[in-house]
Amino acid sequence: MNRRRYVSLAIAGALAATGAALAVTPTSTALPAAPSAVAPAGCGPVLGKPARALDVARLTPSVFRAAVQRNAADVPDLGTRAVSDTSLWLDPCGRVLYSEPRATPAENRLAATSMGPVATPAVEAIPLDQTFALSSKPGANRTIYLDFRGGTVTSSNWNYYYSSNAPISYEPFSIDADVSTNFSDAELTEIQKAWQVVAEDYAPFDVNVTTAYPGEAAIKRTDTNDQAYGTRAVITNGGLVYDRCRCGGLAYTNAWKYAGSAHAGSQPAWIFSKGATTNGKYLGEAASHEVGHQFGLLHDGQKSGGDYYRGSDPWAPIMGTSYYQPVSQWSRGSYPDANNKQDDVALIAAGAPYRVDEDKGGAITLANGQTRDGIVARATDVDSYTFTAAGTVTVTVDNGSPFPDLDVQLKVTNGFTTVATANPPTTWLSEVEAGGMNASVTFTTPPAGGTYKVIVQGGGQGAASQPGSYSNYGSVGTYRISLGVTPPVLPPPVTVAAQSASGSVGAALSQQLVAGGGTGAYTWTKAAGTLPSGVSLSKTGLLSGKPYKAGTYTFTAKATSGSQSATGTVSITVGPALSWLTASALPKGKVGTPYAVTLVATGGKPGYGWALASGKLPLGLSLSSGGTISGTPTKTGFSSFTVKVTDASGKVISRTFSLSVGA
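Every residue gets a number counted from 1 within its own chain, in the order that chain's sequence is written. Totals for whole chains, interfaces and linings use every residue, but because this is a predicted model, local features are given only for residues with pLDDT of at least 70 and side-chain atom pairs only at 80 or more, for both listing and counting. Side-chain figures throughout are based on the complete set of non-hydrogen atoms in the structure, without hydrogens or water.

A. Seen up close, the overall build of the protein. The helix and strand inventory of the protein stands at 11 helices and 41 strands. Between the two quantities, the radius of gyration covers C-alpha atoms and the globule rule is 2.2 Å times the number of residues to the power 0.38. For the protein, the C-alpha radius of gyration of 48 Å lies well beyond 26 Å, the compact-globule estimate for 663 residues. The dimensions of the protein, computed from C-alpha atoms along their principal axes, are 170 × 45 × 45 Å. Burial classes: relative accessible area under 20% of the type maximum marks a residue as buried, over 50% as exposed, and values in between as partly exposed (1.4 Å probe, protein chains only). Here the protein holds 663 residues, and the buried ones make up 50% of them. Any pair of residues with heavy atoms lying within 4.5 Å of one another is described as a contacting pair. When contacts within the protein are restricted to residue pairs at least 6 apart in sequence, long-range pairs at least 24 apart make up 70% of them. By definition, any uninterrupted DSSP run of H or I lasting at least four residues is a helix, any uninterrupted run of E lasting at least two residues is a strand, and each is numbered from the N terminus.

Encoded structure:
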């Protein structure tokens, strides 16, 4: 069986089981006489019992024309719609209601395959003992009461033509033989699922969808000045109404806008678990559908035929066939071959205003590890958030319901350019689950971090005029946004200790500055102070050059590693140039007498080395590496020789000396 076939919710033609006829077949020659009970206010009975609008049009055109005039504001195309939509009926007073065909045995078997809890990690499970305390928006002026616990209806249109104004009892919801308010865990689970579906469908609006009895004042509308009112959607196992109609559901069109007895008379909307299956997801879709009729919404069908558009994986309209698609949304007739161009969202908002936008005061601040709940209320609703962070950032937007209408579109900007976007394709996983409805982005900030803006809105998929595609029109509903930031792993702080260097005028100076911490790679600059003339500091931290002037110089060196930096003081001492203190003419020597003279230099970098550069010393004398000429001369004569001295920096100077040796 095609899983996308709508489990129709409608009145069947004749009721052989009860012997009473709700429908008049096209072959009938007359409509039943009006009931004998007292008619509701404003009703001049024109039909004996509810009848399919098409049958009325065929059998009593004058009565149908009167009905067209009466319903001109609610169903302006009733004359043509009655032909194409067999679920459209007229009550004895000529008012339009919808009665929908019940599920087939095959559809009931298929529905049974998705009974039980729906696993949705992003949505917290609701304790079963809270099933009848569920409210989507406590304190709202509008109420949709989902009544699963059975009860009695009085003073309604249903009483007028189903029970001659006697009270009508209806059974509690049940999935087993125990039809009572002693609900099993399995029944409570399906009730929760139904509430989750309806609460999500009506989440954009200022209306409280509740399973807790809100009191009659929250449902009744005494007059048009009464702004605190709502509707009761009865989800029941059965009772007189079901026994008479053998259908999936019943609802008056535009009942939401009525006041006084007209509002009370059109209550409640009916959803029969015997006709719409006992699957909570299906019951929720049916309840949203029937309440949608009360807001004035008509069926989404196709021009080529069919009361209900069945959709195409993964999408279907709520006012068409939405049971077997995981993405069900309000529509304005953008799907292929649509026969209904109603603006569903705008019509609902006329009776239940949009919620106040959560970011109306400006972008909402997010902190690391924080989650916030939000609602996209319409296609033009763009929710904004802001955060400041450094490191690896993950922004996640999950749907707030296991049965989402919202296909999340997520964008992150830095105020100038788009940093990341997400709107994954939507895929059909099962009739209760679609992939790609949530969105998440991960990106890495610059090392210094930044301030970012997050934009959350409804997204679409493909061209809405193509099967399985949809625009962002009905992509509305609840979500939860979360921010996670993993700070960057920073190296240890950069350190620069005080350092010193020394040199002498004219001598090459070369010394590497050192730093600690950081990444181990540094870029050096002079932050303050003065270097000796002729000396420079490279980017690698090398001090080099030949100083021109003696003195002590101090400067501040800065080492940068990645995004970190540090400074330290460097002191450079420049001594005078290397020079001789020993005169060229050395003291005379005498043959046979010990001789010793120490050559003396000054300046440069201490740590001198001495050597004979050229010439010869007198016989018997030698030059030590420490600069001492010593020994015992053995021969008279005059000697001339050159000595070189090298300081610790490698600077070399030379001098020619003369030495006479006498007898």
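That covers the picture; the talk isn't over yet.
B. How the structure looks around the packing of aromatic side chains. Centres within 6.5 Å are what make two rings of Phe, Tyr or Trp a pair, Trp counting through its six-membered ring; a difference in plane orientation under 30 degrees is then read as stacked, over 60 as edge-to-face, and the rest as tilted. The final tally for this structure, using the stated rule, is 28 aromatic pairs. Taking 5.3 Å as the distance between ring centres and 65° as the angle between the ring planes, the aromatic pair formed by tyrosine 202 and tryptophan 330 counts as edge-to-face. Here tyrosine 202 is found in the loop between helix H6 (185-201) and strand E9 (207-210), whereas its partner tryptophan 330 is found in the loop between strand E14 (327-329) and helix H11 (344-351), with 128 residues between them in sequence. Neither tyrosine 202 nor tryptophan 330 differs from the other in exposure class; each is buried. An aromatic cluster is present here, built from Trp158, Tyr161, Tyr162, Tyr170, Tyr242, Tyr252, Trp270 and Phe272 joined pairwise through their rings. A positively charged side chain is recorded as over a ring if its NZ (Lys) or CZ (Arg) lies within 6 Å of the ring centre. The angle to the ring normal must also be within 35 degrees. The ring of tyrosine 354 carries the charged tip of arginine 378 above its face, separated from the ring centre by 3.6 Å.

C. Highlighting the domain arrangement of the protein. Where each domain starts and ends comes from a domain assignment, either automatic or drawn from a database. Its domain assignment divides the protein into domain 1 (126-351), domain 2 (364-486), domain 3 (499-575) and domain 4 (579-661). Placing the centre of domain 3 and that of domain 4 at their C-alpha centroids yields a distance of 38 Å. Counting residues at the interface gives 5 residues for domain 3 and 5 residues for domain 4. Accessible area that two parts lose when put together, with a 1.4 Å probe and added across both, is what the buried area reports. Together, the buried faces of domain 3 and domain 4 total about 340 Å²; carbon and sulfur atoms form 53% of this surface.

D. Expanded view of H6. The span one expects for a helix is its residue count, reduced by one, times 1.5 Å. With 17 residues, H6 should cover 24 Å at 1.5 Å per step; its first-to-last C-alpha distance of 25 Å lies within 8% of that length. Among the 17 residues that make up H6, 15 are buried, leaving the element largely enclosed by the rest of the structure.

E. A look at the state of the cysteines. Put simply, a disulfide is two cysteine sulfurs that come within 2.5 Å. Scanning the entire structure with this criterion turns up 1 disulfide. Put simply, cysteine 245 and cysteine 247 are joined by a disulfide, and their sulfur atoms are 2.2 Å apart. Between cysteine 245 and cysteine 247 the sulfur-sulfur dihedral comes to about -70°; the bridge is accordingly left-handed. Summarising the burial analysis for this pair, cysteine 245 and cysteine 247 share the class buried.

F. Structural context of unusual backbone geometry. The linkage connecting glutamine 267 with the following residue, proline 268, adopts the cis geometry, with an omega of -10°. Mapped onto the secondary structure, proline 268 falls in the loop between helix H8 (260-265) and strand E12 (269-272). Here the phi dihedral of asparagine 254 falls at roughly 60°; this positive angle occurs in a residue that is not glycine. Tracing the chain through its elements places asparagine 254 in the loop between strand E11 (249-252) and H8. According to the relative accessible area criterion, asparagine 254 is buried, its value standing at 10%. Phi is positive for aspartate 337, which is not a glycine, with a value near 60°. Considering the arrangement of structural elements, one finds aspartate 337 in the loop between E14 and H11. On the basis of relative accessibility, which here comes to 34%, the residue aspartate 337 falls in the partly exposed class.

G. Seen up close, the side chain of glutamate 100. Along the chain, glutamate 100 turns up in strand E5 (residues 96-100). Among buried charged residues, glutamate 100 stands out as having no salt bridge; its nearest opposite-charge side chain is arginine 81, 10 Å away. Side-chain polar atoms of glutamate 100 contact the side chain of tyrosine 308, separated by 2.4 Å. Positive charge is attributed to Lys and Arg, negative charge to Asp and Glu, and no charge count is given to His or to the chain ends. We define a salt bridge as a contact between a side-chain nitrogen of Lys or Arg and a carboxyl oxygen of Asp or Glu at a distance within 4 Å. Definition of a polar contact: a pair of N or O atoms within 3.5 Å, with one able to donate and the other able to accept a hydrogen when the atoms are protein atoms, and with sequence-neighbouring residues admitted only if both atoms are side-chain atoms.

H. Just the pairing of strand E17 (residues 383-389), in detail. Counting buried positions along E17 yields 5 of 7 residues, so the element is predominantly enclosed. One bridge is not enough; two strands pair if DSSP finds at least two bridges between them. One ladder, built from 2 bridges, connects strand E15 (residues 364-365) with E17; its direction is parallel. By the bridge assignment, isoleucine 364 is partnered in E17 with tyrosine 385. Sheet analysis places E17 next to strand E24 (residues 450-458), joined by 7 bridges and oriented antiparallel. Opposite aspartate 383, over in E24, you have valine 456 as the bridge partner.

I. View of the packing of H6 against helix H10 (residues 280-294). Two elements in contact, H6 and H10, have axes whose closest approach is 7 Å; the angle formed by their N-to-C orientations is 40°. As H6 runs across H10, the sense of the crossing is right-handed. Counting all contacts with H6, which are made through Glu190, Lys193, Ala194, Val197, Val198 and Asp201, the residues of H10 involved are Gly280, Lys281, Leu283, Gly284, Glu285, Ala287 and Ser288. Note that Gly is not counted as nonpolar here; it falls among the polar residues with everything else outside the nonpolar set of Ala, Val, Leu, Ile, Met, Phe, Trp, Tyr, Cys and Pro and the charged set of Asp, Glu, Lys and Arg. Partitioned by chemical class, the residues of the contact of H6 with H10 number 5 nonpolar, 3 polar and 5 charged. The convention used is that axes are lines fitted to C-alpha atoms, helices contributing only their stretch in contact, and that angles between N-to-C directions extend from 0 to 180 degrees. Take the far helix as your reference; a near helix turned counterclockwise from it by less than a right angle gives a left-handed crossing, and one turned clockwise gives a right-handed crossing.

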